[in-house]
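Listed here are the chains, written in short residue letters.
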Amino acid sequence: MVRGASSPGDGSAGQGLAAFRHPDFLFFQFARFLIIVATEMQSVAVGWQIYASTKRALDLGLVGLAQFLPGILLFLLSGHVADRLDRRKVIMVCYLGFAICSALLMALAATHSPRVAPIYSVLVLLGVVRSFNGPVTRAILPQLVPEEHFQSAVAWASTIFQGGTILGPALGGLGYAIFRGPAGVYAVAVVAAFAAMACMLVIKTKHVERYYEPASLATLLAGVKYIWTKKLILGSISLDLFAVLLGGAVALLPVFAQEILHTGPAGLGLLRSAPGVGAASMALLLAYRPLRKRAGATMLWCVAGFGACTIVFGVSHGLVLSLVSLALVGATDMVSVVVRGTLIQVATPDEMRGRVNAVDMVFIGASNQLGQFESGITAQWFGAVPAVILGGVGTLVVVALWAWCFPELRNADKLVVPAT
């Protein structure tokens, strides 16, 4: 699953749309939407290109590993950068990095070489860009809207993110078919990245006074320490990590599209979009009907539903049932995204929000990119269908263990962080 952060609004239509009264928020979300669409298009093209060349599920897993490793190595530095430098300028540099990566992939595709090693090299560079873009993109949000509209902003940011994950894969699969290869898809991604940079040029961020501690190992590790002391937050993001790490089926969609559902790149785009459809629908529902009580138990039940729907997808041999099960995977997953995102975004002081979000991005990256690697290995060993089914069963086991190990999460009523 591709993940974002969300938070419920207050339930009224006026408050639900309050964030869009601020032009800086609007321009930023449009820029972010362009980047999401571009990277999602690119993901479909890369997956299809690599699997068409090698026919090995393991190589799809390596796509995730190549993008995950830079994040785990750089998360302390990226969080520090997000807290110390001008966040708008850091985002612009990241968007330039996305454009460069897409241009490199386009150049490689133009050579028509069957070698995939150069593609992995670009994916490592893309992972470096992602490691800096993730924390700063989330940390800048409170500088674009006033505090009273913040929850509306976070809710809509998640909805826009999911909209990109719906449109991007569909356009990527369609573009691959129209352009008869990945080069055209990568070219569109380059244009989208430069358009996003143009949007960032007109944005003005609200100045926030921050207390800067002297740079030291302690300040670099402050985000880790904060999450460790907040057991409710630790339980929610670690549940999210292990459930999606085991239950993610997105990495194997090219295998299912070609060998089980017998559809082409356009069908792969639909499959990649289906979780986003479910997630966006749930994000909109939660923006107007927030989790007001029993948030922890609701999250646990929904993660269990995520595992069950993953199993259904694994046993499905029909395109319609596969699309429905993937949409439900996205919808149930969004609940844990809401809980985790609300706890982190609302409860963290601005001067350390970058570092805390950097740690959370490691968890997200582990569940997404490392999860792709895990799926690729298990599919190589057991086959794609058993790998997905085992992953879904593993998710159910994780839910049971976390319900027992984290009573703070199981008994959480409202989305608040207890003082320590």
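Residues numbered from 1 in each chain as written. Predicted model: local features only at pLDDT ≥ 70, side-chain atom pairs only at ≥ 80, totals over all residues. Heavy atoms only, no water.

1. Examining the overall build of the protein chain
Part 1 of the argument: When you go through the protein chain residue by residue, the secondary structure sums to 17 helices and zero strands.
Part 2 of the argument: Expressed as a percentage of the 420 residues in the protein chain, the buried residues total 61%.
Part 3 of the argument: A separation of at least 24 residues holds for 89% of the contacts in the protein chain among residues at least 6 apart in sequence.
Part 4 of the argument: About 16,400 Å² of surface is accessible on the protein chain, with carbon and sulfur atoms providing 71% of the total. (Helix = DSSP H or I, 4+ residues; strand = E, 2+ residues; numbered from the N terminus. Buried < 20%, exposed > 50% of the residue type's maximum accessible area, 1.4 Å probe, protein only. Contact = heavy atoms within 4.5 Å. Areas by Shrake-Rupley, 256 points an atom, 1.4 Å probe, with all protein chains shown as cover.)

2. A short note on the pattern of salt bridges
Part 1 of the argument: Per the stated rule, a full pass over the model turns up two salt bridges.
Part 2 of the argument: Measuring nitrogen to oxygen at the nearest pair gives 3.4 Å for the salt bridge that ties Arg-272 to Glu-40. One end of the pair, Arg-272, is in helix α12 (residues 265-288); the other, Glu-40, is in helix α2 (residues 23-54), with 232 residues separating them in the sequence. Considered together, Arg-272 and Glu-40 belong to a single accessibility category, that of buried residues.
Part 3 of the argument: One salt bridge in this structure joins Arg-56 and Asp-59, with 2.9 Å as the shortest N-O distance.
Part 4 of the argument: Relative accessible area serves as the criterion here: at 3%, Asp-59 is assigned to the buried category. (Salt bridge = Lys/Arg side-chain N within 4 Å of Asp/Glu carboxyl O.)

3. Considering helix α16 (residues 384-405)
Part 1 of the argument: Here α16 is 22 residues long and its end C-alpha atoms lie 31 Å apart, about the 32 Å a rise of 1.5 Å per residue gives.
Part 2 of the argument: All buried positions along α16 are accounted for by Ala-384, Ala-387, Val-388, Gly-391, Gly-392, Gly-394, Thr-395, Val-398, Val-399 and Trp-402. Buried residues of α16 fall within an arc of 165° about the axis and therefore sit on the same side. With respect to the buried face of α16, the exposed residues turned more than 90 degrees away are Ala-400 and Trp-404. (Expected span 1.5 Å × (residues − 1). Arc of directions from axis to C-beta.)

4. Thoughts on the nonpolar core
Part 1 of the argument: Ranked by size, the top nonpolar core spans 73 residues in total, and within it Phe-25, Phe-28, Val-46, Tyr-95, Leu-123 and Met-200 carry the most contacts.
Part 2 of the argument: With 13 residues, the top contributor of residues to this core is α2.
Part 3 of the argument: Ignoring any residue separated from it by four or fewer positions in sequence, one finds Phe-25 in contact with Ala-19, Phe-20, Leu-141, Leu-144, Val-145, Ala-153 and Trp-156.
Part 4 of the argument: By size, the runner-up hydrophobic cluster in this structure holds 21 residues, among which are Leu-234, Ile-237, Val-303 and Phe-406. (Core = buried A, V, L, I, M, F, W, Y, C linked by side-chain atoms within 4.5 Å.)

5. Considering the packing of aromatic side chains
To describe a pair of aromatic rings, one takes the distance between the centres and the angle between the planes.
Part 1 of the argument: Under the definition given, this model contains five aromatic pairs.
Part 2 of the argument: With centroids separated by 6.2 Å and ring planes inclined at 80°, the aromatic side chains of Trp-381 and Phe-382 adopt a geometry described as edge-to-face. (Phe/Tyr/Trp six-rings, centres within 6.5 Å; stacked < 30°, edge-to-face > 60°.)

6. Description of a nonpolar patch on the surface
Part 1 of the argument: On the surface, Leu-96, Ile-100, Leu-104, Leu-125 and Phe-194 cluster together to form a nonpolar patch covering roughly 400 Å² of accessible area.
Part 2 of the argument: Here the element with the most residues in the nonpolar patch is helix α4 (residues 87-110); it accounts for three residues. (Patch = residues over 30% accessible without salt bridge, like charges linked within 9 Å, V, L, I, M, F, W, Y side chains within 5 Å.)

7. Quick word on helix α13 (residues 295-315)
Part 1 of the argument: For α13, built from 21 residues, the straight-helix expectation of 30 Å at 1.5 Å per residue is met to within 8% by its first-to-last C-alpha distance of 31 Å.
Part 2 of the argument: With respect to burial, α13 is a largely interior element, 15 of its 21 residues being buried.

8. Quick notes on the environment of Lys-231
Part 1 of the argument: Tracing the backbone through its elements, the reader meets Lys-231 in helix α10 (residues 231-247).
Part 2 of the argument: Considered as a pair, Lys-231 and Leu-409 are 178 residues apart in the sequence and their alpha carbons are 8.1 Å apart.
Part 3 of the argument: Lys-231 has contacts with Phe-406 and Glu-408, leaving out every residue within four places of it along the chain.

9. What to know about the packing of helix α3 (residues 57-84) against helix α5 (residues 117-139)
Part 1 of the argument: Packing of α3 against α5 brings their axes to within 7 Å, and their N-to-C directions diverge by 40°. Between α3 and α5, the interaxial angle falls into the category oblique. Classified by chirality, the crossing of α5 by α3 is right-handed. Mapping the contact onto sequence places Asp-59, Leu-62, Val-63, Ala-66, Gln-67, Pro-70, Gly-71, Leu-74, Leu-77, Ser-78, Val-81 and Ala-82 in α3 and Tyr-120, Leu-123, Val-124, Leu-126, Gly-127, Val-128, Arg-130, Ser-131, Phe-132, Pro-135 and Val-136 in α5. (Axes fitted to C-alpha atoms, helices over the stretch in contact; angles between N-to-C directions. Parallel < 35°, antiparallel > 145°, perpendicular 65-115°, else oblique. Left-handed = near helix turned anticlockwise from the far one by under 90°.)

10. Overview of the side chain of Arg-32
Part 1 of the argument: Along the polypeptide, Arg-32 turns up in helix α2.
Part 2 of the argument: No salt bridge is formed by the buried Arg-32; its nearest oppositely charged neighbour, Glu-40, is found at 11 Å.
Part 3 of the argument: Apart from the residues lying within four places of it in its own chain, the contact partners of Arg-32 are Tyr-95, Thr-137, Ala-157, Ile-160 and Phe-161. (Lys, Arg positive; Asp, Glu negative; His and termini not counted.)

11. Quick notes on unusual backbone geometry
Part 1 of the argument: Backbone geometry places Lys-55, a non-glycine residue, at a positive phi of 60°.
Part 2 of the argument: Overall, Lys-55 belongs to the partly exposed group, its relative accessible area being 49%.
Part 3 of the argument: Even without a glycine there, the phi angle at Arg-180 is positive, about 55°.
Part 4 of the argument: Within the secondary structure, Arg-180 sits in the loop between α6 (150-178) and α7 (183-201).
Part 5 of the argument: Look at Arg-180 and you get exposed, because its relative accessible area is 78%.

12. Thoughts on the state of the cysteines
Part 1 of the argument: Counted under the stated rule, the structure contains zero disulfides.
Part 2 of the argument: Considering cysteine sulfurs only, Cys-302 is the nearest to Cys-309, which forms no disulfide, with 9.9 Å between them. (Disulfide = S-S within 2.5 Å.)

13. Looking at the confidence of the model for the protein chain
Part 1 of the argument: For the protein chain, per-residue confidence averages 80 on the pLDDT scale, and 80% of positions sit at 70 or higher.
Part 2 of the argument: Confidence, expressed as mean pLDDT per element, reaches its minimum in the protein chain at helix α1 (residues 13-16) with 51 and its maximum at α7 with 95.
Part 3 of the argument: Residue range residues 1-14 is modelled with pLDDT below 50. Its contacts to residues more than four positions away, or to other chains, number 68 contacts. (pLDDT = per-residue confidence, 0-100.)

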